[in-house]
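Spelled out from the first residue to the last, the chains are:
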Amino acid sequence: SMEKQVFTPGMQHLMARYEAKQYRMPDECWALEYARGNIVSMLPFGVADCFTSTFDLWTLWKTVSVTAKLMFENICQGKI
């Protein structure tokens, strides 16, 4: 739909699975994004960001080590 929607501070925008939205944020604004699902598939983007802009190797190490630990625990519990 091309109808204008206005979200005021504190409002939440919940979308169904496979639904996507595009936002225009003029002037000053901020948004918090929350993702659920296969987070591991997003890991390469964080790694790429580390080597292209932030160079925060400590955070990269922590991210990779925690991710590996949790993946191992889930595999041991039979979760795939």
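Presented here is a report on the structure given in the accompanying data block. All figures in this text were calculated on a predicted structure; none of them were measured in a lab. As a convention, each chain's residues are numbered from 1 in the sequence order in which they are written. Totals for whole chains, interfaces and linings use every residue, but because this is a predicted model, local features are given only for residues with pLDDT of at least 70 and side-chain atom pairs only at 80 or more, for both listing and counting. By convention in this description, side-chain values take in all heavy atoms of the structure and omit both hydrogens and water.

## A short note on the overall build of the chain
Applicable threshold: Helix and strand definitions here come from DSSP, where helices need a minimum of 4 consecutive H or I residues and strands a minimum of 2 consecutive E residues; each element is numbered from the N-terminal end. In this description the radius of gyration comes from C-alpha coordinates, and the expected globular size is given by 2.2 Å times residues to the power 0.38. Relative accessibility decides the category of a residue: with a 1.4 Å probe and only protein chains considered, values under 20% of the type maximum give buried, values over 50% give exposed, and everything between is partly exposed. Computed by Shrake-Rupley with a 1.4 Å probe, the accessible areas treat only the displayed protein chains as cover when residues are assessed. The charge count treats Lys and Arg as positive and Asp and Glu as negative. His and the chain ends do not count. The atoms used to mark charge sites are NZ of Lys, CZ of Arg, CG of Asp and CD of Glu.
Secondary structure assignment for the chain yields 2 helices and 0 strands. The C-alpha atoms of the chain give 17 Å as radius of gyration, which overshoots the globular expectation for 80 residues (12 Å, by more than 25%). Taken along the three principal axes of its C-alpha coordinates, the chain extends 45 × 35 × 20 Å. Out of the 80 residues in the chain, the part that is buried amounts to 4%. For the chain, the exposed surface amounts to about 8200 Å²; the carbon and sulfur share of it is 61%. Here the chain carries 8 positive and 8 negative side-chain charges, and the mean point of each set is 9 Å from the other.

## Looking at unusual backbone geometry
For residues other than glycine, phi is negative in most cases, and the peptide bonds are mostly trans. Even without being a glycine, Phe55 presents a positive backbone phi close to 55°. In this structure, Phe55 sits in the loop between α1 (43–54) and α2 (57–76). Take Phe55: its relative accessible area is 58%, and that puts it in the exposed class.

## Structural notes on the environment of Tyr18
As for its position among the elements, Tyr18 is in the segment before α1. In this structure Tyr18 comes out as exposed when scored by relative accessible area, which is 75%. Tyr18 sits 26 residues away from Pro44 along the chain, and the two C-alpha atoms are 21 Å apart.

## Focus: the pattern of salt bridges
We apply this condition: Salt bridges are counted wherever a side-chain nitrogen of Lys or Arg sits within 4 Å of a carboxyl oxygen of Asp or Glu.
Throughout the structure, instances matching the rule amount to 1 salt bridge. Across the pair Lys69 and Glu73 runs a salt bridge, and its minimum N-O distance is 2.8 Å. Placement of the pair is Lys69 and Glu73 together in helix α2, with a separation of 4 residues, close to one helical turn.

## A word on the packing of α1 against α2
Spelled out, the test is: Axes here mean lines fitted to C-alpha atoms, for a helix over just the part in contact, with angles spanning 0 to 180 degrees between N-to-C directions. Angle categories: roughly parallel below 35 degrees, roughly antiparallel above 145, roughly perpendicular from 65 to 115, and oblique for all the rest. When the near helix sits turned anticlockwise from the far one by under a right angle, the crossing is termed left-handed; a clockwise turn instead gives a right-handed crossing. Note on contacts: a residue pair is in contact if any heavy atoms of the two residues lie within 4.5 Å. Under this grouping Gly is polar, as are all residues other than the nonpolar Ala, Val, Leu, Ile, Met, Phe, Trp, Tyr, Cys and Pro and the charged Asp, Glu, Lys and Arg.
Axis separation between α1 and α2 bottoms out at 10 Å; the angle between their running directions is 160°. As judged from the angle between their axes, α1 and α2 are roughly antiparallel. Here α1 runs over α2; the crossing is left-handed. In contact with Leu43, Val47, Cys50 and Phe51 of α1, α2 contributes Leu57, Leu60, Thr63 and Thr67. A class-by-class count of the residues in the contact of α1 with α2 yields 6 nonpolar, 2 polar and no charged.

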